[in-house]
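Residue-level structural notes
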Amino acid sequence: MTAAAAGLTQQQLADLCHVSARTIISIEKGQYSPSLMLAYRMAQVFQTDVETLCRLAENKEMEDREIENL
Amino acid sequence: MKIYNVKGLATGLGLIAMGIVLTVLAVIKPQPGVANLIQNVVLIALSLILGVAAVARALSKGATHSERLAERDERQVLIRMRANTLTLKIVVGAAAVVALALAVIDRGRDDLIMGIITGSLLTLGVAFWAWVGATAHFNRKL
């Protein structure tokens, strides 16, 4: 989920979540995984829950498949 | 006038003091040549400008708040941790190379065994204290 989806700029989202814009950029690019607290803050901004925001179910399935293939 | 960042203020005052000292030295003991003059002017200007800027930021609530927020940004923290870990690895590697070099040099003086022992102890010592320091640091921070 990008900042634009919430009608915000990356800097505005960063300010609301008390992190730098660079962190938001890295999260959107999938380079950095947010901490639980940051994910919670972002979920509140997007008015959703952490599971939906971080697509935990999908990522879990992907990880399970990777582990099976090890 | 309130000080919001004591460390920043100290840094700024230190830079200003350095600029003043460089200016005094340049006046008392001028070095010949245009290159030296340019070097002195650039160093003095940089010291004074950076010093004044640091002092101004230390006295500004907004600037200090922004700096502190940037410092505690979780991604920055993680980057610093990883950088420190890598730095530690490099230091240990460099210490090992120096120890080996010392062992080789000592070989020329028929002190190979002592060289190896000294080098190994040096490397182990550096590694151990670096590890103790890094562990204590992260135990406090995390």
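Everything discussed here concerns the structure shown above.
Residues numbered from 1 in each chain as written. Chains lettered and ligands numbered in written order. Predicted model: local features only at pLDDT ≥ 70, side-chain atom pairs only at ≥ 80, totals over all residues. Heavy atoms only, no water.

**Let's talk about the overall build of chain B**
Scanning chain B from terminus to terminus reveals five helices and zero strands. Of all 142 residues assigned to chain B, the portion counted as buried reaches 16%. Accessible surface for chain B amounts to roughly 10300 Å². Of this, 72% is attributable to carbon and sulfur atoms. (Helix = DSSP H or I, 4+ residues; strand = E, 2+ residues; numbered from the N terminus. Buried < 20%, exposed > 50% of the residue type's maximum accessible area, 1.4 Å probe, protein only. Areas by Shrake-Rupley, 256 points an atom, 1.4 Å probe, with all protein chains shown as cover.)

**A look at the side chain of Ser47(B)**
Residues and elements named next belong to chain B. Counting through the fold element by element, serine 47 comes out in helix H2 (residues 34-58). Within the local environment of serine 47, its side chain forms a polar contact with the backbone oxygen of leucine 43, the two atoms lying 2.9 Å apart. Apart from the residues within four sequence positions on either side, serine 47 is in contact with Leu15, Ile16, Met18, Gly19 and Leu22. (Polar contact = N/O pair within 3.5 Å; in protein donor to acceptor, adjacent residues only side chain to side chain. Contact = heavy atoms within 4.5 Å.)

**With respect to helix H1 (residues 10-17) of chain A**
Residues and elements named next belong to chain A. Taken as a whole, H1 has its buried residues at Leu13, Ala14 and Cys17. Projected down its long axis, H1 carries its buried residues within an arc of 100°, all on one side. Considering only its buried residues, H1 is in contact with helix H2 (21-28) and helix H3 (36-45). A positive backbone phi angle near 60° is found at histidine 18, which sits one or two residues after H1. (Arc of directions from axis to C-beta.)

**Thoughts on the interface of chain B and chain A**
Between chain B and chain A, the contact holds five residues from the first and eleven residues from the second. When chain B packs against chain A, the two sides together hide about 640 Å² of surface, and 48% of this comes from carbon and sulfur. Summed over the three residues of chain B that lose the most area to chain A, namely Asp73(B), Glu74(B) and Arg75(B), the buried surface amounts to 79% of that side. Linking chain B with chain A are zero salt bridges. (Buried area = accessible area lost by both parts, 1.4 Å probe. Salt bridge = Lys/Arg side-chain N within 4 Å of Asp/Glu carboxyl O.)

**A short note on the side chain of Glu74(B)**
Inspection of the secondary structure assignment puts Glu74(B) in helix H4 (residues 74-107). Among buried charged residues, Glu74(B) stands out as having no salt bridge; its nearest opposite-charge side chain is Arg41(A), 7.6 Å away. (Lys, Arg positive; Asp, Glu negative; His and termini not counted.)

**Examining H3(A)**
Residue and element names in this part refer to chain A. By the burial criterion, the buried members of H3 are Leu38, Ala39, Met42 and Ala43. In an axial view of H3, the angular spread of the buried residues amounts to 140°, which keeps them on one side of the axis. Residues of H3 that are exposed and point more than 90 degrees away from the buried face comprise Leu36 and Met37. Following H3 by one or two positions, glutamine 47 has its phi on the positive side, about 55°.

**Observations regarding the layout of surface pockets**
Residue and element names in this part refer to chain A. One number sums up the size of the largest pocket: a volume of about 580 Å³. Lining the largest pocket are 19 residues, with Ile27, Pro34, Leu53, Cys54 and Asn59 positioned closest to its centre. Taken together, the elements giving at least two residues each to the lining of the largest pocket come down to H2 and helix H5 (56-68). It is H5 that contributes the most residues to the lining of the largest pocket, six residues altogether. Looking at the lining of the largest pocket, its residues break down into nine nonpolar, five polar and five charged. (1 Å grid on protein atoms, 1.4 Å probe; cavity = no way out; pocket = protein on both sides within 12 Å on 5 of 7 lines; lining within 4 Å. Points joined across faces, edges and corners; volume = space filled by probe spheres on them. Nonpolar A, V, L, I, M, F, W, Y, C, P; charged D, E, K, R; others polar.)

**Regarding the nonpolar core**
Residue and element names in this part refer to chain A. If you look at the biggest cluster of nonpolar residues, it comprises 16 residues, and the most contacted ones within it are Leu13, Cys17, Val19, Ile24, Leu38 and Met42. Elements represented by at least two residues in this core include exactly H1, H2, H3 and helix H4 (50-53). The element contributing the most residues to this core is H3, with four residues. Once residues within four sequence positions are removed from consideration, isoleucine 24 is found in contact with Gln10, Leu13, Ala14, Val19 and Met42. (Core = buried A, V, L, I, M, F, W, Y, C linked by side-chain atoms within 4.5 Å.)

Functional significance is not addressed by these values, which are geometric in nature.
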